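For reference, the chains in residue letters:
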Amino acid sequence: MITGKTAVAGVTGNPIHHSLSPILHNAWLAAAGIDGVYVGFDPGAYGFERLVNGFRGGAVRGINVTLPFKEEALRLADEATEAARRAGAANVLLFPPTGRVLADNTDGLGLLRAFEVQAPNWSADRGPVTVLGAGGAARGAVAALLLAGAPQVWVVNRTVQKAEAIARALGPKVKPLPLPHAVGALRDSTAVINATSAGVGPGGGLDLPLETTPDGCVVMDMFYKPVVTPFLEQARGLGRPIVDGLEMLIGQAAPSFEAFFGRWPPAEVDVRKLALEATGQ
Ligand code: NDP
């Protein structure tokens, strides 16, 4: 039951109405017996900055932030964790009673958690990793992979200058490459992560020679609609282990839930099944 004491958190982005996050968080809240609710906030015509300023002081405990506001979320915050600063973006904003806005980034944790669950034999320190894309998601992934011990991270992007900017920000283990030279990165990678917003795979926006990756190279796609994307289908056809973006979404949601509601989500709820049902898969 919603009461006068109900704790409120939510998610914002544009578009926001099809977000799966409310399904995950509300299932966890119900199972944990917490008097809380998690909803979608559409910034509408007044925009993201006004929405954030309206929440200062704690009317809402915190929000997740998704496309296209993650970089702006970091800029608007008064304080940021190292994870958010290194990623150059925030997917969590917290609104303590002090009126300050705190930024965090749990996407990197979500990415690593997805690998732990779906490719448990892989570890970041085993060799080079290729990240496709150089937007906010890619930069967060590179920061998390370096922290987890990756000896080298190739950043392969259509606009190579953006990959070079990530290398300047995150150090000499990051190697930028233009997209047409992707094969130079793929052939020695232990994992390939799609962090572009283009469709990848046969008939998609990117057509990559995935067959040049070594046997056992783990292929991950952050995009999760559908959960098994054409890129992951292609990888599976080549016998490569795959990791999907839905597991990453769940992986970033769990530490967000803890930040909003003060405890780790209960393990007994199968939120992956609920998310798949909600999307008809
Ligand atoms: P950005 O808009 O910041 O970056 C998009 C990237 O995709 C850029 O590197 C861009 O290249 C590249 N790109 C777009 N279209 C093409 C194309 N046709 N050919 C080649 N490259 C292209 O997006 P984000 O980094 O925020 O997000 C990227 C993806 O990751 C999205 O699909 C998002 O939904 C997903 N994501 C999933 C999460 C999860 O939990 N599963 C979490 C975060 C993100 P260029 O620089 O040349 O323009």
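For the structure itself, look to the data block above.
About the thresholds
- Along each chain, residues carry numbers from 1 onward, in the same order as the chain's sequence is written.
- Owing to the predicted nature of the model, reporting of local features is limited to residues with pLDDT of at least 70; listing and counting of side-chain atom pairs is limited to 80 or more, with chain, interface and lining totals taken over all residues.
- The side-chain values count all of the structure's non-hydrogen atoms but skip hydrogen atoms and water molecules.
- Each residue gets one of three labels from its accessible area relative to the maximum for its type: buried under 20%, exposed over 50%, partly exposed in between, using a 1.4 Å probe on protein chains only.
- Counting from the N terminus, the helices are DSSP H or I runs at least four residues long and the strands are E runs at least two residues long.
- Directions are taken from the helix axis to each C-beta atom, and the arc is the one they span.
- Here, residues are in contact when the closest pair of their heavy atoms is within 4.5 Å.

**Some points on helix 2 (residues 48-55)**
- Within the span of helix 2, buried status applies to F48, L51, V52 and F55. The arc that holds the buried residues of helix 2, viewed along the axis, is 95°, so those residues lie on one side. Projecting away from the buried face of helix 2 at angles above 90 degrees are the exposed residues R50 and G54.
- Packing partners of the buried residues in helix 2 comprise strand 1 (7-12), strand 2 (36-41), strand 3 (62-65), helix 3 (70-76) and strand 5 (92-94).
- Phi for G57, located one or two positions after helix 2, is positive at around 100°.

**Describing unusual backbone geometry**
- Omega for the peptide link from N14 to P15 comes to 5°, which places this bond in the cis form.
- The residue P15 is located in the loop between strand 1 and helix 1 (21-32) in this model.
- Of note, the amide linkage connecting L67 to P68 takes the cis form, showing an omega dihedral of 0°.
- Mapped onto the fold, P68 is located in the loop between strand 3 and helix 3.

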